[in-house]
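Chain by chain, the residues:
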There are 2 protein chains.
Amino acid sequence: MEFKIQELEMGFQSPSSYNPSNSFLNRIQEIEESNVYKFIEKLPKGGALHVHDISLARASWVVQNITYEENLYVSGYPSKPAFKWADYVTNSSHWILLSELRNKFSAGKVDQWLMKHLDIRVNNPYEEYSDIDKVWTAFLNVMLTIKNLLSYAPIYDRYFYEGLSEFEKDGVSYIEIRTLFPENICEDLQCSKTLSTLEVAKLNQKTIDIFLKDHPNFCGVTLIYAPIRVVSPEVVQTKYLKTLQKLRECFPNLVRGFDLVAQEDNGKPLIEFINTLIQMKQMDPELKFVFLAGETNWQGFSTDENLIDAILLNTTRIGHGYALLKHPILKKLVAEKNIAIETCPISNQVLGLVKDIRNHPASPLIAEGSTPLVISSDDPGSWGANGVSFDYYEAFMGLARKHMDLRLLKQLFNNSISYSLLKPQEKEQCFNKFRNKWDNFMERL
Amino acid sequence: MEFKIQELEMGFQSPSSYNPSNSFLNRIQEIEESNVYKFIEKLPKGGALHVHDISLARASWVVQNITYEENLYVSGYPSKPAFKWADYVTNSSHWILLSELRNKFSAGKVDQWLMKHLDIRVNNPYEEYSDIDKVWTAFLNVMLTIKNLLSYAPIYDRYFYEGLSEFEKDGVSYIEIRTLFPENICEDLQCSKTLSTLEVAKLNQKTIDIFLKDHPNFCGVTLIYAPIRVVSPEVVQTKYLKTLQKLRECFPNLVRGFDLVAQEDNGKPLIEFINTLIQMKQMDPELKFVFLAGETNWQGFSTDENLIDAILLNTTRIGHGYALLKHPILKKLVAEKNIAIETCPISNQVLGLVKDIRNHPASPLIAEGSTPLVISSDDPGSWGANGVSFDYYEAFMGLARKHMDLRLLKQLFNNSISYSLLKPQEKEQCFNKFRNKWDNFMERL
């Protein structure tokens, strides 16, 4: 608390030194040097309930590890990169082994180029990302690049394990990952076939089992099937529904939730898929909805009113729920129905919803205390963050009142287990693991 | 409404075209071209309850009129200007007649220089005003420059009349002005003496009488004595209290309220002056407090907690109250005690509290509907605005929900009379005048 007050007082005296009012993209280093951050980083942290499968690990790790693997061919230098994993030299002159490209143009230059396409950080975010669509374009480009890069099963797998490790190292005890179960993953270096959704899930399950053996104090990993929302109702009815059914049949313990992802303002609201969604739940009452809703500043637009349908569909949590504060009746309903809001402060700042974290709507929600909140990091790998500590730092320094202390953090950590998709007994076990870590840490303080 | 929906849909499709998410300093022209603005500009508008005496009129009017008056000497070109009104050539070589300076360096160049020091507009506000202290420094410089320029009674008077005219032309029917009753105003060109507070008030009264004769449909002008808050409790006790008593004795109808002004975060909270403030009210129960409070993003700091003391002191309204949303108990109290919040969206944006108007805390307050709000413009003359139409535009387009229509505006206009310092009978008369204008306008539509 001494560190917190110190850092806040310094900000009050000299506002430009205050991290939460500046873009995270410009402040990572300053945050890493903050004593508050260093303390939060060491804390045991409960669950991370809102993250995406292909943004789990830092881009710098990807460049230094994945892109130094053998058999990686690349094209597009020095503009947009494309990748191909193969054990033969392709015919096309477009493709070159990445190791050869490094020999030709120096490793440093090539790594920088790769980094630029795997991480949305820029020096002047307010200029380059002057409106929300520009930053979303950059973000979607990064997503496509990384998806392309991970399109070989052992590599996808290695990334997945690294992602879990980064969260575990950051003090996280449990994780729920929204995933598309990507359809472009080659089984072998000849790419004789790509993995089906079920095969990806099977691969995930295997990696998770190994990870849990390696980290017996970790509570577990749950997946949320979250295909993109920019599709017609027919796609949801014919494709998503069937895929979900198969996943639930084969991996009922692993895949527990359903959501639809991508930039909400450009996507379709839930109401367009309402019939299928109702059917989904009727066929599989154990399935949990964890809908993204209200990740928008456009009050009264269809994506804003998504919140209504998410609540009517008995969603277990709401992803982002940024707009909730402007819907007093829905806010009340959310509290009554005990629906948790997954707040991702850095994501909302980086992706253009708010500049100064203190203006984030979760701040009044914390002050009011009746809306259950969980803090998460959405896509940390895409903007130089890792795990969830950076987001807890922003929440503690930017969303919470000056005198709110460790008790707030502990409450948020507890929430992140309470509002998880774990079953009651699993929850109890996870609480025990978390409490052990917490007590050990506090004793050592 | 058609125009509103059209403009919002255009913003939704192409966010960079949307005015409320961009700095007003960059968007004045686009707003002036908006059909929504053009409509709001023509509407009859009730009262403007939160404005300051030396920011009433546009800087461009000041440059084109006041600085073209005879007998104005200037120094400091091309750095910071200082002004002296005199009918003799001063001895110092520093001073030069402004007309001569124009001959020497071209009028355009000199006017540009003056404009730069009388208006805080810049082309790249996000860079030049990268933190809240920088923009406040620029703003305070403008205040000092204009105060210096208006330091001759007939000129001060001319500015005051122009200020009232700009609001009247903008459709405003009534105005409450926070004023310091500046102490630097010379009575004559020899500056043989400066006006006392009472003499300034007398001058104001005379101008107001003439203005009301010229504009019989205007309801009136009320002044709020609002000296600066960056002083010791002794100054409030010995100087402010006595000045207020004299003003109230001589001009009980004109001077009805008390406040303390200047950047709240750098000033003193009310609690430091509490004894004098209580004494003030005991000696003069008719006096109304209209305290600035919570114009801050620093949650839990002394300036934030100002809100508590303003409410405990039975303030009639709260100036800005930006932080109120983060104090759920105070928010309830404000509703119960029927205290109005004076929201100045452009001021809060320009002075660095919030970037996107949709993140302004008044937006959820409008959605909730239990906190009484009035919209005002604070210091329009300092940033190229005039009257209150620009602020109503931001409120209508940026704070309100998509489907909120003319009824919201009418409610806000009504509030601005209901929550004024007018007495019940005056209020009734003012409502009648406003209603006449409104009905006439609606008939002509």
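All values reported here derive from a predicted model rather than from experimental measurement.

### Section: the relation of the copies chain B and chain A
Its rotation angle being 180 degrees, the transformation that places chain B on chain A also includes 0.0 Å of axial translation and leaves an RMSD of 0.0 Å. Both copies are brought into coincidence by an operation consistent with a two-fold rotation axis. The residues that chain B uses at the interface reappear at the interface of chain A in 100% of cases, marking a shared surface.

### Section: the confidence of the model for chain A
Fine structural detail should not be taken from predicted coordinates in areas where pLDDT scores are low. Of the residues in chain A, 98% have a pLDDT of 70 or more, and the chain-wide mean is 95. The ipTM assigned to the predicted complex is 0.93, against a pTM of 0.95.

### Brief notes about the interface of chain B and chain A
Each partner contributes residues to the interface: chain B has 39 residues there, and chain A has 39 residues. Across the interface of chain B and chain A, roughly 3,600 Å² is buried in total on both sides, 58% from carbon and sulfur atoms. Of all residues in chain B, F12, W298 and F301 of chain B give up the largest surface area on contact with chain A, accounting jointly for 20% of the area buried on that side. A salt bridge links E368 of chain A to K331 of chain B, with the shortest nitrogen-to-oxygen separation between them at 3.8 Å.

### Remarks on the domain arrangement of chain A
The figure often quoted for interface size is the accessible area lost as the parts come together. Residues and elements named next belong to chain A. Assigned domains within chain A: domain 1 (1-58 + 153-444) and domain 2 (62-132). Measuring from the centre of the C-alpha atoms in domain 1 to the corresponding centre in domain 2 gives 28 Å. In this complex, domain 1 contributes 21 residues to the contact, which on the side of domain 2 involves 19 residues. A combined buried area of about 1,700 Å² lies between domain 1 and domain 2, and 59% of that area is made up of carbon and sulfur atoms. The largest per-residue losses of area from domain 1 upon contact with domain 2 belong to L25, I155 and L189, which jointly make up 33% of the total buried on that side. Summed over the shared surface of domain 1 and domain 2, the result is one salt bridge. Here E69 ties to R158 by a salt bridge, and the two come within 2.5 Å at their closest N and O atoms. Inspection of the domain 1/domain 2 interface yields six residue pairs in polar contact (both at pLDDT 80 or more). For the side of domain 1 that touches domain 2, the residue count by class is nine nonpolar, nine polar and three charged.

### Some details on the sheet that holds strand β5 (residues 174-179) of chain A
Strand pairing within a sheet occurs via backbone hydrogen bonds; the two strands may be parallel or antiparallel. Residues and elements named next belong to chain A. Strand order across the open sheet formed by eight strands is β1-β5-β6-β7-β8-β9-β10-β11, with parallel pairing between neighbours. The open sheet is flanked by β1 (47-52) and β11 (373-375), the only strands paired with a single partner. Neighbour-to-neighbour, the strand axes of the sheet open up by a mean angle of 30 degrees, direction not taken into account. Relative to strand β10 (residues 340-343), strand β9 (residues 317-320) runs parallel, the two sharing three bridges. Looking across to β10, one finds that G319 is bridged to E342. Across the sheet, helix α13 (residues 302-312) touches β8 (288-293) and β9, and the angle it forms with β8 is around 175 degrees.

### Some thoughts on the sheet that holds strand β6 (residues 220-225) of chain B
All names here are of chain B. What the eight strands build is an open sheet, ordered β1-β5-β6-β7-β8-β9-β10-β11; its pairing is parallel. Looking at strand neighbours, the two that pair on one side only are β1 (47-52) and β11 (373-375), the edges of this open sheet. The mean inter-strand angle of the sheet, taken between neighbouring strand axes irrespective of direction, is 30 degrees. Pairing geometry for strand β7 (residues 255-258) and strand β8 (residues 288-293), over two bridges, is parallel.

### A look at the state of the cysteines
Summed over the entire model, instances satisfying the criterion amount to four disulfides over all chains. The disulfide partner of C219 of chain A is C430 of chain A, and the gap between their sulfur atoms is 2.2 Å. Here the disulfide of C219 of chain A and C430 of chain A is right-handed, its torsion about the S-S bond being about 85 degrees. Here C430 of chain A lies in helix α19 (residues 424-444) and C219 of chain A lies in the loop between α10 (197-214) and β6 (220-225), a separation of 211 residues in the sequence. Overall, the relative accessible area of 2% leaves C430 of chain A in the buried class. Between the sulfur atoms of C186 of chain B and its disulfide mate C191 of chain B the distance is 2.1 Å. Across the S-S bond of C186 of chain B and C191 of chain B the torsion is about -70 degrees, and the bridge reads as left-handed. By relative accessible area, which is 33% here, C191 of chain B ends up partly exposed. In chain A, the bonded cysteines, numbered by position in the sequence, are linked as 1-2, 3-4. There is no disulfide at C344 of chain A, and the cysteine sulfur nearest it, in C430 of chain A, is 19 Å away.

### Here we look at the packing of helix α18 (residues 406-418) of chain B against helix α19 (residues 424-444) of chain B
All names here are of chain B. Taken N-terminus to C-terminus, the directions of α18 and α19 make an angle of 155 degrees; their axes are 10 Å apart at the nearest point. Taken together, the axes of α18 and α19 lie roughly antiparallel to each other. The handedness of the crossing between α18 and α19 comes out as right-handed. Across from L406, K410, F413, N414, I417 and S418 in α18, the residues of α19 making contact are K427, C430, F431, F434, W438 and M442. Residue composition of the contact of α18 with α19, by class: eight nonpolar, two polar and two charged.

### Digging into the packing of aromatic side chains
Tallied over the entire structure, the rule returns 51 aromatic pairs over all chains. With a centroid separation of 5.9 Å and 35 degrees between ring planes, the pair formed by F181 of chain B and Y225 of chain B is classed as tilted. A residue pair is termed long-range when its members are at least 10 positions apart, and F181 of chain B in the loop between β5 (174-179) and α10 (197-214) and Y225 of chain B in strand β6 qualify at 44 residues. For the pair formed by F181 of chain B and Y225 of chain B, the shared burial category is buried. Put simply, the rings of F181, Y225, Y240, F258, F289 and F291 of chain A pair up and form one aromatic cluster. A cation sits over an aromatic face here: K281 of chain A above F289 of chain A, 5.3 Å from the ring centre. For R358 of chain B, the ring lying beneath its charged end belongs to W298 of chain A, and the centroid distance is 4.3 Å.

### Observations regarding the environment of L98 of chain A
Residue and element names in this part refer to chain A. Its location among the elements puts L98 in helix α5 (residues 98-105). The exposure class of L98 is buried, given its relative accessible area of 1%. Residues L98 and S75 lie 23 residues apart in sequence; the distance between their C-alpha atoms is 8.7 Å. Aside from chain neighbours lying at most four places away, what touches L98 is T67, L72, Y73, V74, V110 and L114.

### Some details on helix α6 (residues 107-118) of chain A
Residues and elements named next belong to chain A. Under the 1.5 Å per step criterion, the end-to-end length of α6 is 16 Å for 12 residues, consistent within 8% with the ideal 16 Å. Considered for burial, the residues of α6 that qualify are V110, D111, W113, L114, H117 and L118. Each buried residue of α6 lies within a common arc of 160 degrees when the element is viewed along its axis, so the set occupies one face. The exposed set on the far side of α6, more than 90 degrees from its buried face, consists of Q112 and K116. Lining the buried residues of α6 we find α4 (59-64), β2 (72-75), β3 (82-85), α5 and α8 (132-149).

### Brief notes about α10 of chain B
All names here are of chain B. Compared with an ideal rise of 1.5 Å per residue, which puts 18 residues at 26 Å, α10 spans 26 Å between its outermost C-alpha atoms and is within 8% of the ideal. Those residues of α10 that fall on the buried side of the exposure criterion are T197, V200, A201, L203, N204, T207, I208 and F211. Buried residues along α10 cover an arc of 155 degrees about the axis, so they all sit on one side. Facing away from the buried side of α10 by over 90 degrees, the exposed positions are K202 and K213. Tucked into the core, α10 has its buried residues touching α9 (153-169), β6 and α11 (233-250).

Criteria and cut-off values
- Residues numbered from 1 in each chain as written.
- Chains lettered and ligands numbered in written order.
- Predicted model: local features only at pLDDT ≥ 70, side-chain atom pairs only at ≥ 80, totals over all residues.
- Heavy atoms only, no water.
- Least-squares fit on C-alpha atoms with pLDDT ≥ 70 in both.
- Contact = heavy atoms within 4.5 Å.
- pLDDT = per-residue confidence, 0-100.
- Buried area = accessible area lost by both parts, 1.4 Å probe.
- Salt bridge = Lys/Arg side-chain N within 4 Å of Asp/Glu carboxyl O.
- Domains from an automatic or database assignment.
- Polar contact = N/O pair within 3.5 Å; in protein donor to acceptor, adjacent residues only side chain to side chain.
- Nonpolar A, V, L, I, M, F, W, Y, C, P; charged D, E, K, R; others polar.
- Pairing = 2+ DSSP bridges.
- Helix = DSSP H or I, 4+ residues; strand = E, 2+ residues; numbered from the N terminus.
- Axes fitted to C-alpha atoms, helices over the stretch in contact; angles between N-to-C directions.
- Disulfide = S-S within 2.5 Å.
- Buried < 20%, exposed > 50% of the residue type's maximum accessible area, 1.4 Å probe, protein only.
- Parallel < 35°, antiparallel > 145°, perpendicular 65-115°, else oblique.
- Left-handed = near helix turned anticlockwise from the far one by under 90°.
- Phe/Tyr/Trp six-rings, centres within 6.5 Å; stacked < 30°, edge-to-face > 60°.
- Lys NZ or Arg CZ within 6 Å of the ring centre and 35° of its normal.
- Expected span 1.5 Å × (residues − 1).
- Arc of directions from axis to C-beta.

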